Amino acid sequence: MTQTTFTEQLQQKIEAINAGGHSKYHDKLKETNKLFVRDRLKLLFDNGHYEEDGRFANCEAGDLPADGVVTAIGNIDGQTVCVMANDSTIKAGSWGSRTVEKIIRIQETAEKLQVPILYLVDSAGARITDQLEMFPGRRGAGRIFHNQVRMSGMVPQICILFGPSAAGGAYIPAFCDIVIMVDGNASMYLGSPRMAEKVIGEKVTLEEMGGARMHCEVSGCGDVLAENEEKAIYYARQYLSYFPANYAEFPPLEDVKAPIAGKSLEEIIPENQNSPFDMCDCIERLIDADSFFEIKKLFASELITGLARIDGQVVGIIANQPKVKGGVLFVDSADKAAKFITLCDAFSIPLLFLADVPGFMIGTKVERSGIIRHGAKFISAMSSATVPKLSVIVRKAYGAGLYAMCGPAFEPDVVIALPTAQIAVMGPEAAVNAVYSNKIEAIEDPKERIQFVKQKIEEYKEEINLYKLASEMVIDDIVPANQLRETLIQRLNYYNSKQIVLPYRKHPVYPV
């Protein structure tokens, strides 16, 4: 055989591998508005170009091109990244022994290169026929999750969920920094609806059990809900733009943009502490235009978490949302905050807390759900973060809500209050009721009762007067709302050199 013949044979094999599975499976992709794995990669990488590892894995089997997974290296906005992408046209993207080995190797490559890794998941799970080779051993499927844990906080790990992520495979998204799910197609679950019906007698749909919307709204396993695959890939590229390649580097700077024009902060924030307003409007007045990337928008929306830029610099924002449940903190919002804070802290992203919080929720329901334990998780994450921490009291910070939102005791680099802000154990109305409830009930004349309550509320407000707190150095500065963005810009620039060496220990015992 001539060299030309060998080249032709090689080209034929490559074309067969690149074609994926049988045409009927490609037709099924089109019917469900899904893209072929290699088309996804063309959208993900700069100019659609990438280098593939393990391309000929299991090529002798005939019907398992690349063993159902593409592992590749390429660039996203010039940043080198590693990618694992299931091919759902090959046995529904299921894992065989070589599939697992390829995933492990691309993880090891990402670790050695110290670059981000993306998991493009669309898999029915493990192949039962290969379980001895791919399931229990030292380089079995469990090693994938072990590597994810080891790489957590070392390099960004992003999951785009296009289809199912079943059984043990559901832990790939669970161990990632962010999970982007395609509405209507993505799902993750430990046991399928069919299994649930047979084992525990529960009849449930796939969407109810583990659909994208359920996970983004209810369980919190999903971070971003995408309307289609193209949008999901766009979100992944956008998300990466906020991050360095690894923990030892710093987030990239971008050109400065002025905030979106609109109402001033004074016009947005009501004077009445109990009147709802949209904190997103405040955020937009503080950050560079079109720079906000909200994470877990549909989950625990009483708290806002997201990445943004202020004067071109990346920041992580944790903000109470007064228009949802009054901004009160619940179990889910505490979990949401803790995960986001640790993400930002791992990759040197400064944290900006915007507080308008009545405190944590009370009652038997939240106590039985572990509100104290979850609140402690929030506070632990915030307290141990070593990046610059800026705390702004937008309107009020009551009770343990002050602590959670990086209050003075937790070593924020600065605590700034707007002129109408209040800091107290509880709000004036609640405090007066707690202290004087018996006396109030004893006053028979309604007018006299109203006057008494009003007088005590004014006395309480005087006791928590903002200038008293500033005089006692509880807060560091009182800033007019129209000067807040400029103040934050200057403070962020000053705190860029912040370094904290934690006390020697193996690790703290965090609440879970």
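A few points on the structure. This structure is a prediction, so every number in the text was calculated from the model and none was measured.

Reading guide: rules and limits
Residues numbered from 1 in each chain as written. Predicted model: local features only at pLDDT ≥ 70, side-chain atom pairs only at ≥ 80, totals over all residues. Heavy atoms only, no water. Salt bridge = Lys/Arg side-chain N within 4 Å of Asp/Glu carboxyl O. Helix = DSSP H or I, 4+ residues; strand = E, 2+ residues; numbered from the N terminus. Buried < 20%, exposed > 50% of the residue type's maximum accessible area, 1.4 Å probe, protein only. Pairing = 2+ DSSP bridges. Core = buried A, V, L, I, M, F, W, Y, C linked by side-chain atoms within 4.5 Å. Contact = heavy atoms within 4.5 Å. Disulfide = S-S within 2.5 Å.

## A few points about the pattern of salt bridges
Within this structure, the stated rule accounts for 24 salt bridges. For Arg-105, the salt bridge is made with Glu-101, and the minimal N-O distance between the two is 2.8 Å. Taken together, the residues span about one helical turn, with Arg-105 and Glu-101 both in helix H4 (residues 97–113) at a distance of four residues. You can call Arg-105 exposed: its relative accessible area is 52%. For Lys-325, the salt bridge is made with Glu-302, and the minimal N-O distance between the two is 3.9 Å. Of this pair, Lys-325 sits in the loop between strand E11 (313–320) and helix H14 (331–346) while Glu-302 sits in the loop between strand E9 (293–295) and strand E10 (303–310), placing them 23 residues apart in sequence. Each member of the salt-bridge network shares a partner with another, and the members are Lys-34, Arg-40, Asp-122 and Glu-229.

## Some remarks on the pairing of strand E14 (residues 414–417)
Of the two faces of E14, the one holding Val-414 and Ile-416 and the one holding Val-415 and Ala-417 are both buried throughout. For strand E13 (residues 389–398) and E14, the ladder comprises four bridges, and the chain directions are parallel. By the bridge assignment, Leu-390 is partnered in E14 with Val-414. As paired strands, E14 and strand E16 (residues 477–478) are joined by two bridges and run parallel to one another.

## Let's talk about the nonpolar core
In terms of nonpolar packing, the biggest core is built from 77 residues, with Leu-118 and Leu-307 touching the most fellow members. With residues near it in sequence (within four places) discarded, Leu-307 still touches Tyr-239, Tyr-242, Phe-243, Ser-291, Phe-292, Phe-293, Ile-295, Val-315, Gly-316, Phe-340, Cys-344 and Ile-349. In this structure, Ile-106, Ile-144, Met-181 and Leu-225 belong to the second largest nonpolar core, which totals 32 residues.

## Comments concerning the state of the cysteines
Overall, the coordinates contain zero disulfides when judged by the stated rule. Free cysteine Cys-82: the closest other cysteine sulfur is in Cys-176, separated by 13 Å. The cysteine Cys-221 is free of any disulfide, with Cys-216 supplying the nearest cysteine sulfur at 9.4 Å.

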